[in-house]
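Observations on the model geometry
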Amino acid sequence: MRKTAIIGAGFAGLAIAWQLLNNEEFPDQPQITLFEFRKFGQGASGKAVGLLHPFTGPHAKLNALGNEGMQATAELLNVAT
């Protein structure tokens, strides 16, 4: 069994854990340990309010893949909670 430690359970750490758990190239499930001083998502990621948005720029146009990014983020947060 592959063991992996991830330091930090903000958006980046949770995304890495999600990718490792869903990687079809590895036949066995990895054992993942997340290390976080605070509760998950409450460090810098918990203060990033408004930084993830499908509409950006001075004219608030929909980003390329903006809706897909929001959907993937929602799925990741649902899995993490």
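Let us look at the structure shown here. Here the structure is a predicted model, which is why all the values come from computation and not from measurement.

Quick word on the overall build of the protein
Each helix and strand in the protein was counted, giving two helices and four strands. Secondary structure of the protein in N-to-C order comes out as β-α-β-β-β-α. Counting only residues that meet the buried cut, the protein has 16% of its 81 residues in that class. Taking the intrachain contacts of the protein between residues at least 6 apart in sequence as the baseline, contacts between residues at least 24 apart amount to 56%. Looking at the protein as shown, the accessible area adds up to about 6,300 Å², and 60% of this sits on carbon and sulfur atoms.

A word on helix H1 (residues 11-21)
Listing the buried residues of H1 in full gives Gly13, Leu14, Ala17 and Leu20. Looking straight down H1, one finds its buried side chains confined to an arc of 125 degrees; they lie on one side. Turned more than 90 degrees away from the buried face of H1, the exposed residues are Ala12 and Gln19. For H1, the elements touching its buried residues are strand S1 (3-7), strand S2 (31-35) and helix H2 (66-80).

What about the packing of H1 against H2?
Here H1 crosses H2 at 85 degrees, and the two axes come no closer than 10 Å. On the basis of the axis angle, H1 is roughly perpendicular to H2. Residue-level contacts link Phe11, Leu14, Ala15 and Trp18 of H1 to Leu76, Leu77, Val79 and Ala80 of H2. Broken down by class, the residue content of the contact of H1 with H2 amounts to eight nonpolar, no polar and no charged.

Overview of the environment of Arg2
With respect to the helices, strands and loops of the structure, Arg2 is situated in the segment before S1. Taking the C-alpha atoms as reference points, Arg2 and Phe26, separated by 24 residues in sequence, lie 9.3 Å from one another. Every residue in contact with Arg2, bar those within four places of it in the chain, is listed here: Leu20, Phe26, Asp28, Pro30 and Gln31.

Considerations on the environment of Leu21
Mapped onto the elements, Leu21 comes out in helix H1. In this structure Leu21 comes out as partly exposed when scored by relative accessible area, which is 35%. In contact with Leu21, not counting residues within four places along its chain, are Gln29, Pro30 and Ile32.

Criteria and cut-off values
Residues numbered from 1 in each chain as written. Predicted model: local features only at pLDDT ≥ 70, side-chain atom pairs only at ≥ 80, totals over all residues. Heavy atoms only, no water. Helix = DSSP H or I, 4+ residues; strand = E, 2+ residues; numbered from the N terminus. Buried < 20%, exposed > 50% of the residue type's maximum accessible area, 1.4 Å probe, protein only. Contact = heavy atoms within 4.5 Å. Areas by Shrake-Rupley, 256 points an atom, 1.4 Å probe, with all protein chains shown as cover. Arc of directions from axis to C-beta. Axes fitted to C-alpha atoms, helices over the stretch in contact; angles between N-to-C directions. Parallel < 35°, antiparallel > 145°, perpendicular 65-115°, else oblique. Nonpolar A, V, L, I, M, F, W, Y, C, P; charged D, E, K, R; others polar.

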